[in-house]
Each structure stands twice: as C-alpha cells, then as structure tokens.
Amino acid sequence: MMKQIGIVVLETYRRQVKSWSFLLLVLSPFIFLLLSFGVGYLSATATKGNAEKVAIIAAPKQLTQQLVVDQKNTTTRYQTVATAQKALSNKDLKGYLVVKKTAGRLQATYHGTEKLSQTQSSHFLQVLAAYQQSLNLQQAKLNQQQLTALQTTPQLRQKVTHVDKNNDDAVKLVSFMLLLFLMYFILLTYTTTVAQDIASEKGTKIMEVIFSSMPARNYFYGKILGTLSVIITHLLIYVLGGIAFFLMAPQLAITKKVFNENHELITKVLGNLANLNLLYVLLGVIIFTVLAALCGSLVVRPEDTSKAIQPVMYLVMVGFFGALTLGQTDDNLIVKVASFIPFLSSFFMPIRLINEHPAGWQVGLSLLLLLASTVGLSVYVGNLYSGLILQTDDVGMLKSFRRGLKIK
C-alpha cells in the first residue's frame, strides 16, 4: 500500500515541479523584488555623486575634518564660497556649509537646493556644539577643579514596565495580513491546479489500467500527498529566500537603513508566523485541496473545472474576506465561533493567536476538529474516488456525485 502511494506521490510531485508554470510561480516574487530593488538602486546611484555632497567651508580649519560625515556625503574640495556657489549653480553640489567664528561664537549657514538629511544635520550640530563648548571653556578661563566639576554628567536609567502599544499593534497587523494573503494565494493557486489535474484524467483508459493494479483510494491519497509535497516545496523555497534576505538585508546599502530601523518589528512578525499558525495553514491547504479534488472528479471535461471548483472558491472567499473584515476587531463573537468551524478555522484561529491568547483547550479543540475533518473528508473522497473518476457521462455534478455513491 505505502509503495503504491509513494509511486503516485513521486510521479505527481515530479510532473508538477518540472512544469514551467511552477517555476514561474515560484520565481515571480523574487524577480519582482529584484527588479524593484534594482531599479530603485540604479535610480538612486544615477542621481548620486557630487550633486549629493555638501561642501564644508569652515574658518576654523580644525573644524573642517570634524564636520566631514563621510566622503560620499561631504567634501572639502571647495575652499571658498565663490567656488562652492559656482559648483552649486552647476548642480555639482547639494549645498555648502559656511562656518565662521565671530566674537567667540560659531555661526554656521547652510546654502543648498534641498534640505540637509537628518543624519547630516545631527552630525553638524553635534560637532559645532562640542567645538563651541571648548571655545566657551577657553574664554571662561576656569581652573582645573572648575573644569572637572563642569565635566560631571548625569545618569539615565530605564525601567520599562509597559509595552509599546503602537509597535505591538503594527506587529499584529503585519503578521495578520501576511498570513491571510499567504493562505489566500496558496489556496487560489493549488485548488485550481489539483482540480484541473484530476479532471484531465477522468474517463481515460489509463485510469482503468491503474485502478486494476491498485485501489483507487491509494491513488487518490498519492495525488493529494504529491500536491501537498509541491506546496511544501514552494513554501520552503520562500522560507529559505526569506532567511537569506533577512541575513543579507543589514549588509546591503539599499535595505540597511530600513532594516535596522524596523529590526524589532520584523523579528516579532517572523515569530508570529513561525508557530501554530503554520500548522493551521498546512491543514487548511490539505482540506481545501481534498475538496477541490472532489469537485474536479465530478466533471467530464477539463474546461469545466472552473465551474466545478466555484463552491471551493466561494468558501475560500468567505474565509478570506471574513477574516479581512473582522480580523482587527477585538473579542468578536463571530471570529471566536468561526475559529472552531473546519474550513474557516484556518483563517480565523490564527487571528486569535496573533491578537490575543486563547485558552489552550480552545486551540486544542479547534485543531482536533480541523484535523478530524481533514482526515474524514480525505477517507470519504478516497472511498468514492473510483466511482467518480471512471464516469464518462456528462450528467452534471450532482448526478455524478450520486452515481459515485452507488458505485462505491
């Protein structure tokens, strides 16, 4: 039995993975991201150069090197205001900073076509403040004891006892949206695929030969497990790609700043995805795939598959749009009830796991109902499969199902 199922699994897996449609489906998000980042990077680098630099013109010469943030954003090439003005008019500079010392006080004036960045502005102010402080100390002519007293700094200790609600809400929202669209994308793609695959085999002579050498239910289980293996491969590629991006993002110039600013958010979102939610996604995909297989076995022509799987699509849309509408409402009765209903629980229980902490018995009962429904539906359809797949008369889905019940 296991050997027969294994042969079908391998054949189903090999045929789907080697197809161009699977390759394009897997690579399309990566191609889109590469193109987006590539175009953005090329656009950014094309406009950079001297036009992005700020010229430093400081009367106290020792200030010049201190004010240089880095060679990419600042320059000491221009020594006079006149040359800097000419470069600015020729669009060779973003602007220039003139620093003068008048009556023991530093006066800095920035001239440019656009504002200083936050990093540049903070750096200039920090350097100027430190230098001004040294000038003040020189003018005050303080003794060593007084200088030591002025260098006394305060201590700041933090004892955080509350949670940043805004950040926590952002984590929940991002986690919820990613999980919801992941479920929707997978179900729309693979329910159609498995239904078309089964519909294309219905009524063919090869199926009669196969069923003469192995039970139809074993063939059906192999088809479902093979499709599930393809889905797992698909998700695993995305997981590995996500891990690679997570490790590379802090090193890439184009993503370094954004990643560092949102590192905590990204880490918490990944934590929300890598838990029981993945089990709900997996069981949800299986039960919907089995239902799609049942619908695909009820039609005679493959071109009728789109009509056959409409009930599955309606059920997916109810779960998706219901979760999208009610997912952000706390303590919603509909969400709580739907989290125990098979087919819908794959959409609604992850919402509760992200937004609140349901009792352990509730999660256990929800998983038990979903698992029992998945196994029960798989066994039921497997027992009907021979009677459904060998029918060749176009009598409609309902009559075809009734015939399958009699033939089994």
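This text follows the structure it describes.
Not measured: the values here are computed from a predicted model. (Residues numbered from 1 in each chain as written. Predicted model: local features only at pLDDT ≥ 70, side-chain atom pairs only at ≥ 80, totals over all residues. Heavy atoms only, no water.)

Peer 1: Looking at this structure, I do not really get the overall build of the chain. What am I missing?
Peer 2: From N to C terminus, the chain includes 18 helices and four strands. Residues counted as buried form 38% of the 408 residues belonging to the chain. In the chain, 71% of the contacts between residues at least 6 apart in sequence involve partners at least 24 apart. For the chain, the computed accessible surface area is about 23800 Å², with 63% contributed by carbon and sulfur atoms. (Helix = DSSP H or I, 4+ residues; strand = E, 2+ residues; numbered from the N terminus. Buried < 20%, exposed > 50% of the residue type's maximum accessible area, 1.4 Å probe, protein only. Contact = heavy atoms within 4.5 Å. Areas by Shrake-Rupley, 256 points an atom, 1.4 Å probe, with all protein chains shown as cover.)

Peer 1: Can you walk me through the environment of Ile224 in this structure?
Peer 2: One can find Ile224 in helix α9 (residues 216–248). Ile224 sits 66 residues away from Val290 along the chain, and the two C-alpha atoms are 6.9 Å apart. Leave out the neighbours within four places in its chain, and Ile224 touches Thr289, Val290 and Ala293.

Peer 1: Sorry, what's going on with the packing of helix α12 (residues 276–296) against helix α17 (residues 360–389) here?
Peer 2: Describing two packed helices takes the angle between their axes plus the distance from one axis to the other. Running from amino to carboxyl end, α12 crosses α17 at an angle of 25 degrees, the nearest separation of the two axes being 9 Å. Compared by their axis directions, α12 and α17 come out roughly parallel. Crossing handedness for the pair α12 and α17: left-handed. Here Leu276, Leu279, Tyr280, Leu283, Gly284, Ile286, Ile287, Val290, Leu291 and Leu294 of α12 lie close against α17, whose contacting residues are Val363, Ser366, Leu367, Leu370, Leu371, Ser373, Thr374, Leu377, Ser378, Val381 and Leu388. The class makeup of the residues in the contact of α12 with α17 is 16 nonpolar, five polar and no charged. (Axes fitted to C-alpha atoms, helices over the stretch in contact; angles between N-to-C directions. Parallel < 35°, antiparallel > 145°, perpendicular 65-115°, else oblique. Left-handed = near helix turned anticlockwise from the far one by under 90°. Nonpolar A, V, L, I, M, F, W, Y, C, P; charged D, E, K, R; others polar.)

Peer 1: Explanation requested: the pairing of strand β4 (residues 105–112) in the structure shown.
Peer 2: One face of the sheet, then the other: side chains in a regular strand alternate in exactly this way. Relative to β4, strand β3 (residues 95–102) runs antiparallel, the two being bridged by eight bridges. Residue pairing in the sheet places Gly95 in a bridge with Gly112 of β4. Between β3 and β4, which pair antiparallel one after the other, the connecting turn spans two residues, and Ala103 there sits at a positive phi close to 55 degrees. (Pairing = 2+ DSSP bridges.)

Peer 1: How should the pairing of β3 be read in this particular structure?
Peer 2: In terms of strand pairing, strand β1 (residues 54–58) meets β3 through five bridges, oriented parallel. When the bridges of β3 are listed, Ala58 appears paired with Val99.

Peer 1: Help me understand the pattern of salt bridges, please; the structure alone is not making it clear to me.
Peer 2: Pairing between side chains of opposite charge can happen when the charged atoms of each approach one another. Summed over the entire model, instances satisfying the criterion amount to four salt bridges. Across the salt bridge formed by Arg14 and Glu11, the nearest N and O atoms sit 2.7 Å from each other. You can see Arg14 and its partner Glu11 sitting in helix α1 (residues 2–17), three residues apart, about one turn around the helix. The partly exposed category is assigned to Arg14, whose relative accessible area is 38%. Exposure remark for Glu11: the relative accessible area of 35% places this residue in the partly exposed category. For Arg15, the salt bridge goes to Glu11, with nearest N and O atoms at 3.8 Å. Taken together, the residues span about one helical turn, with Arg15 and Glu11 both in helix α1 at a distance of four residues. Salt bridges here are not isolated pairs; linked through shared partners, they connect Glu11, Arg14, Arg15, Asp197 and Lys223. (Salt bridge = Lys/Arg side-chain N within 4 Å of Asp/Glu carboxyl O.)

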